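Understanding the architecture of this molecule
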Amino acid sequence: LNEPLFMEAAQALALKTLQGGGQTDRERVTFAFRRCLARRPEAEETRELLSLLQKQTARLAEGWISPWGITGMDGKRRPELPAGATPVQLAAWTTVSRVLLNLDETITKE
């Protein structure tokens, strides 16, 4: 989960989600989920991911950790964020993206 390639993939998915995933967090969860799993999330999956997003956003806003540290961008060239997006949002979405990319359903074929 902490491999550079995995972190870059999560950060890229988070950025893509903020850029074109919709206007609400619920729309963005659906967007990111469909990109990883090729299906719509069930209601419980959406609730869990929205809860994670909310908790991470609050934790980051309180300053517990640097948003750029979570995105793997500390000391590196930082991406241009979409209008209205903040580093805290990118970091929170990076966390959600890491979860989605690590799901068994994402990484295995059956």
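The structure we're discussing is the one just above.
Below you will find a few notes about this structure. Just so you know, the residues in each chain are numbered from 1, in the order the chain's sequence is written. Note on the predicted model: pLDDT of at least 70 is required for a residue's local features to be given, and 80 or more for side-chain atom pairs to be given and counted; whole-chain, interface and lining totals, by contrast, use all residues. Water and hydrogen atoms play no part in the side-chain values, which are based on all heavy atoms of the structure.

As a further point, take the overall build of the protein chain. Here a strand is any run of E in DSSP of at least two residues, a helix any run of H or I of at least four, and the numbering for each starts at the N terminus. The helix and strand inventory of the protein chain stands at 6 helices and 0 strands. For the protein chain, the proportion of its 110 residues judged to be buried stands at 37%. Relative to all contacts within the protein chain whose residues are 6 or more apart in sequence, the contacts with residues 24 or more apart total 60%. When the accessible surface of the protein chain is summed, it comes to about 6900 Å², and 51% of that surface belongs to carbon and sulfur atoms. Only protein chains enter the accessibility calculation, which uses a 1.4 Å probe. A residue is then buried if its area is under 20% of the maximum for its type, exposed if over 50%, and partly exposed in between. Contacts are assigned to residue pairs that have any heavy atoms within 4.5 Å of one another. To measure how exposed things are, a 1.4 Å probe is used in the Shrake-Rupley method; for residues, cover is taken only from the protein chains shown.

Moving on: the packing of helix α3 (residues 43–61) against helix α5 (residues 87–102). Helix packing for two helices is described by the angle between their axes and how far apart those axes are. Every angle, taken between N-to-C directions, lies between 0 and 180 degrees, and every axis is a line fitted to C-alpha atoms, over only the stretch in contact when it is a helix. Relative to each other, α3 and α5 sit at 140 degrees, their axes nearing to 9 Å. As the angle between them shows, α3 and α5 are arranged oblique. Seen along the crossing, α3 lies across α5 with a hand that is right-handed. Mapping the contact onto sequence places L49, L52, L53, Q56, T57, L60 and A61 in α3 and V88, A91, A92, W93, T95, V96, V99 and L100 in α5. For this classification, the nonpolar set comprises Ala, Val, Leu, Ile, Met, Phe, Trp, Tyr, Cys and Pro, the charged set comprises Asp, Glu, Lys and Arg, and every other residue, Gly included, is treated as polar. In terms of residue class, the contact of α3 with α5 is made up of 12 nonpolar, 3 polar and no charged. For classification purposes, an angle smaller than 35 degrees is called roughly parallel, one larger than 145 roughly antiparallel, one from 65 to 115 roughly perpendicular, and anything else oblique. With the far helix as reference, a near helix turned anticlockwise by less than a right angle produces a left-handed crossing, and one turned clockwise produces a right-handed crossing.

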